[in-house]
Amino acid sequence: RPQFRELAFAEFFNTDTDQRFQGNPFLVNTEIESFDARLEYYFGRDQFFTVGAFHKIMENPIEEFIIPIGDGLNTSFINAPEATLTGAEFEFEKTFDLSNRFEGALFADREWFFKTNYTYIQSEVSAEGNVIVAQGAFGQPQALSLNAAGFIDDGRALQGQSEHLFNAQFGFESNDGRSRAAVLYNYTGERTRAVATLSDNLPEIVEQVPSSLAFGCSRTVNVADADWDFGFSVRNML
């Protein structure tokens, strides 16, 4: 469903992305039909391999698009007529007891783990139908119904949806659960940040998301007959 700021017919500035946004009070909730099948194989405690396939039909998905305002560009929102998502997901988790292979406290009392998953998603948006944009002075919006073909290249990917998603995590947890640490890698494929506006000859804005690498660790210690958790993390290491 649309967020409040996506519905507000006012201009606001996103300091994280240096974008100006203008809401659309005529957005409606997206309706989703979802179908999925999944196979799971568990070969130990907290150890498994799964594979799944899914298909989603989305009616009125919300997308961002570019509109010219004076000498600049704003981002606004529309309900596309329909979109479909078809994909597959693979997930794997395994734990390792390395105390019999290596010496030292680093391996003696803890269990190491490896977790990863990969998702492939093929999305398509339909241009068959109308979209409603908001026009008029701020505070007095008027609904303008336009042919979706002026905003949507039929069959293109859904705005904000990457084709490939992957992450992997490697770390350990002590047998008593009071010490833990992990390194996490995340990859998000190229995606459309804002769709092309064909009627104004404005191209889509494509976002190439940087891969991320993070490290975190925490430990539970007993101080004054109470347990205290202390943690340390480093994000965006790349």
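Everything in this summary refers to the structure shown in the same document. This structure is a prediction, so every number in the text was calculated from the model and none was measured.

Thresholds, definitions, all that
Residues numbered from 1 in each chain as written. Predicted model: local features only at pLDDT ≥ 70, side-chain atom pairs only at ≥ 80, totals over all residues. Heavy atoms only, no water. Phe/Tyr/Trp six-rings, centres within 6.5 Å; stacked < 30°, edge-to-face > 60°. Lys NZ or Arg CZ within 6 Å of the ring centre and 35° of its normal. Pairing = 2+ DSSP bridges. Helix = DSSP H or I, 4+ residues; strand = E, 2+ residues; numbered from the N terminus. Axes fitted to C-alpha atoms, helices over the stretch in contact; angles between N-to-C directions. Core = buried A, V, L, I, M, F, W, Y, C linked by side-chain atoms within 4.5 Å. Buried < 20%, exposed > 50% of the residue type's maximum accessible area, 1.4 Å probe, protein only. Contact = heavy atoms within 4.5 Å.

**Topic: the packing of aromatic side chains**
The final tally for this structure, using the stated rule, is 10 aromatic pairs. Centroid distance tyrosine 41 to phenylalanine 43: 5.8 Å. Interplanar angle 40°. Geometry classified as tilted. Seen from the ring of phenylalanine 21, arginine 5 lies directly overhead, with NZ or CZ sitting 5.9 Å from the centre. Lysine 115 extends its terminal NZ or CZ atom over the ring of phenylalanine 113, reaching a point 5.1 Å from the ring centre.

**What to know about the sheet that holds strand 7 (residues 82–96)**
Reading across the sheet, the 8 strands line up as 3-4-7-8-11-12-15-16 and stay open at both edges, with antiparallel pairing between neighbours. Each edge of the open sheet carries a strand with a single partner, namely strand 3 (31–44) and strand 16 (226–234). Across this sheet, the average inter-strand angle for adjacent strands is 10°, counted without regard to direction. Taken together, the 11 bridges between strand 8 (residues 110–126) and strand 11 (residues 164–174) define a ladder with antiparallel strand orientation. When the bridges of strand 11 are listed, lysine 115 appears paired with glutamine 169.

**Let's talk about the nonpolar core**
In terms of nonpolar packing, the biggest core is built from 18 residues, with Phe65, Ile78, Val125, Phe151, Ile152 and Leu158 touching the most fellow members. When contributions to this core are tallied by element, the ones reaching two or more residues are strand 4 (47–59), strand 5 (62–69), strand 7, strand 8 and strand 9 (130–135). Once residues lying within four places of it in the same chain are set aside, the contact partners of leucine 158 are Met58, Pro61, Glu63, Ala83, Leu85, Ser123 and Val125. Listed in part, the 5 residues of the second largest apolar core include Leu98, Phe107, Trp112 and Phe172.

**Looking at unusual backbone geometry**
Where the residue is not glycine, phi is negative for most of them; where a peptide bond is considered, it is trans in most cases. Positioned with a positive phi, aspartate 46 is a non-glycine residue whose angle comes to about 60°. Relative to the assigned elements, aspartate 46 resides in the loop between strand 3 and strand 4. Positive phi is not limited to glycine here, since aspartate 225 has a value of about 60°. As for its placement among the helices and strands, aspartate 225 is situated in the loop between strand 15 (212–223) and strand 16. A relative accessible area of 76% places aspartate 225 in the exposed class.

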